[in-house]
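Tertiary structure, described
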Amino acid sequence: MRYRRAGLVKVLACTAVLAAAATACGSGGSGTTADGKTELTVATFNEFGYEDLFKEYEAANPNIKITHRKTGQGAPHHQNLFTKLGAGSGLADIEAVEEGYLSQVMAKSGQFENLKEIGPAEVRDDRWLQWKVDAVTTKDGKLIGYGTDIGPLAMCYRKDMLDAAGLPSDPEGVKALFATWDSYFQAGDTYVQKTGKPWFDSAAQIFNPMHNQAKVGYFDRDDKLSIETNDDKKIWDQVTGAVARGQSAKLVAWSKEWQTGFKESAFATKTCPSWMLGVIEGNAGPDHKGKWAVTAAFPGGGGNWGGSYLTIPKQGKNKAEAVKLAAWLTAPEQQIKAFVAKGTFPSQTQALISPELLNKTSDYFGGEKVGLLFSEQANKVAGAQYKGPQDGEIQDNVIAPALQAVEQGTSAEDGWKQAVEGAKKAAK
């Protein structure tokens, strides 16, 4: 499933999970306000932490008026984006793009400005983690987006439930359990044998980060479907083997049953990007405060799940001013302010060493220094996996249903055939 943005700050403040109210994505205006100011339209979804930053920018640039088009969920925002790309008009001057939709945007990269050409000269690629830049760089070297947030991966787990199985439960002790996927599944076997309960929430929530760690994704760099030649069959066998041994709670991510599963202690471990902390707290509730923990370990070394970019569509009316604003919003100083406001974890190298980030702790997760932990995890990401045009569709609409079918009784072999056939249809 595509990631759902959830602020880390609300975890640190022990507040409820945020939900943004949806607003309509309108069509473009004249580009100038009635009083002669340059109007810059910015389209985002969920929570980017930009509201106060917009006011700050307007105060420093009195000739600029920013109009914010904000939708509550990513899907309608991106549907609007692709519809208006096809129509050739109506997009905002700055359009946010979530990584789950990035492959579709990269396939239409010619409709976006090359920020290496029109962006401020002082904005260099080394502002961001290299893999964040690589993911939004075209084959011919054009940069079509400035990185906003990321979702570095760690592992979250229930200390009391690991204790019940006689497994280590302190953040340092569990690192050996989560060192590799083999050790993770071995620990899962021990846990199931000792407790008779599931180890993780769903097969898809394990398969996706394992797949994303591979050198080759669903497509190679020539956009040729590679599901039968990459590591996916090996990963499939590992995950479905764990399902057969009782490790999966068989819950569909983001469903009501999955949300309730946190309260009902339905599983002991959770693949945990930085934004997942807020999801866990909101779903598990105050009764489980201090029972959940997070450790600076992830099987296979590291990974990323989630994050967005700011792009400048060529159809925009004020591209020169828009790229200045996009560059300012994604500067390290502003990324820290956005993190403080809404918990969006920064992708900029200087922001990742900011004391304000590194000293953030979470009472819900036992006082853990979560800012430092996820900053370290972000630097473990080896590189950006290339995503083909139908990558997101295959992940959401092919692989996840095939894994769910296995969890409901379909053989692993038949499930794999379903996945391969579905991927081939999606890639046509």
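Preceding block: the structure.
Residues numbered from 1 in each chain as written. Predicted model: local features only at pLDDT ≥ 70, side-chain atom pairs only at ≥ 80, totals over all residues. Heavy atoms only, no water.

Moving on to the overall build of the chain. A tally of regular secondary structure across the chain gives 18 helices and seven strands. Expected size for 428 residues packed as a compact globule is a radius of gyration near 22 Å; at 22 Å, the chain falls within 12% of this value. Principal axes of the C-alpha set define a box for the chain whose edges measure 70 × 50 × 35 Å. By sequence separation, contacts in the chain at least 24 residues apart represent 76% of the contacts at least 6 residues apart. For the chain, the accessible area works out to roughly 16,900 Å², and carbon and sulfur atoms hold 49% of it. Looking at charge distribution, the chain has the averaged site of its 48 positive side-chain charges lying 2 Å from that of its 50 negative ones. (Helix = DSSP H or I, 4+ residues; strand = E, 2+ residues; numbered from the N terminus. Rg over C-alpha atoms; globule rule 2.2 N^0.38 Å. Contact = heavy atoms within 4.5 Å. Areas by Shrake-Rupley, 256 points an atom, 1.4 Å probe, with all protein chains shown as cover. Lys, Arg positive; Asp, Glu negative; His and termini not counted. Charge placed at Lys NZ, Arg CZ, Asp CG, Glu CD.)

Its boundaries defined by the atoms lining it, the largest pocket holds a volume of some 970 Å³. Around the largest pocket, the lining is made up of 45 residues, and of these Ala135, Ala384, Gln385, Tyr386 and Lys387 lie nearest the centre. Residue assignment for the lining of the largest pocket shows that the elements contributing at least two residues are α4 (102-106), α6 (130-134), α9 (203-213), β7 (304-311) and α17 (391-407). Among the elements that line the lining of the largest pocket, the one with the most residues is α9, at four residues. A class-by-class count of the residues in the lining of the largest pocket yields 16 nonpolar, 17 polar and 12 charged. (1 Å grid on protein atoms, 1.4 Å probe; cavity = no way out; pocket = protein on both sides within 12 Å on 5 of 7 lines; lining within 4 Å. Points joined across faces, edges and corners; volume = space filled by probe spheres on them. Nonpolar A, V, L, I, M, F, W, Y, C, P; charged D, E, K, R; others polar.)

All right, on to the environment of Ala382 then. Along the chain, Ala382 turns up in the loop between α16 (370-378) and α17. Counting along the chain gives 251 residues from Ala382 to Trp131, while the straight-line C-alpha distance between them is 7.4 Å.

In a disulfide, the sulfur atoms of two cysteines are covalently bonded to one another. One pass over the full model with this rule turns up one disulfide. Between the sulfur atoms of Cys156 and its disulfide mate Cys272 the distance is 2.1 Å. Between Cys156 and Cys272, the disulfide has an S-S torsion of -60° and is therefore left-handed. Highlighted residues: Cys156 in strand β4 (residues 146-158) and Cys272 in strand β5 (residues 269-273), separated in sequence by 116 residues. Given a relative accessible area of 0%, Cys272 falls into the buried group. (Disulfide = S-S within 2.5 Å. Buried < 20%, exposed > 50% of the residue type's maximum accessible area, 1.4 Å probe, protein only.)

Further remarks concern the packing of aromatic side chains. Evaluation of the coordinates by the stated rule reveals 25 aromatic pairs. Where Tyr157 meets Phe178, the ring centres are 6.0 Å apart and the plane angle is 55°; that geometry is what we call tilted. With a gap of 21 residues between them, Tyr157 in strand β4 and Phe178 in the loop between α7 (159-164) and α8 (181-195) connect regions that are remote in the sequence. An aromatic cluster is defined as three or more aromatic residues linked by ring pairs; in this entry it consists of Tyr157, Phe178, Trp181, Tyr184, Phe185, Tyr191, Trp199 and Phe298. (Phe/Tyr/Trp six-rings, centres within 6.5 Å; stacked < 30°, edge-to-face > 60°.)

A separate point is the pairing of β5. Of all five residues that make up β5, five are buried, and the element is covered over most of its length. Burial along β5 is two-sided: Thr269, Thr271 and Pro273 and Lys270 and Cys272, pointing in opposite directions, are all buried. Of the pairings in the sheet, the one linking β4 to β5 comprises five bridges and is antiparallel in character. Looking at β5, one finds that Leu153 is bridged to Pro273. (Pairing = 2+ DSSP bridges.)

Attention shifts here to the side chain of Thr148. Mapped onto the fold, Thr148 is located in strand β4. When its relative accessible area of 2% is taken as the criterion, Thr148 is described as buried. Polar side-chain contacts of Thr148 include one of 2.8 Å to the backbone oxygen of Ser308. Those residues within four positions of Thr148 in sequence are excluded, and the remaining contacts are Phe48, Tyr50, Lys132, Ser308, Tyr309, Leu310, Thr330, Gln335, Phe345, Pro346, Ser347 and Gln348. (Polar contact = N/O pair within 3.5 Å; in protein donor to acceptor, adjacent residues only side chain to side chain.)

It is a general feature of regular strands that their side chains alternate between the two faces of the sheet. Here strand β1 (residues 38-45) runs beside strand β2 (residues 64-71); their pairing, made up of eight bridges, is parallel. Note that in β2 the partner of Val42 across the bridge is His68. Considered for its hand, the β-α-β crossover made up of β1, helix α2 (residues 51-60) and β2 is right-handed. (Right-handed = clockwise from strand over helix to strand, strands pointing away.)

Glancing now at the environment of Arg69. With respect to the helices and strands, the residue Arg69 is situated in strand β2. Only 3.3 Å separates the side chain of Arg69 from the backbone oxygen of Gly90, close enough to count as a polar contact.

Most of α9 sits out of view: nine of its 11 residues are buried. Looking only at α9, the buried set comprises Ala203, Ala204, Gln205, Ile206, Phe207, Asn208, Pro209, Met210 and His211.

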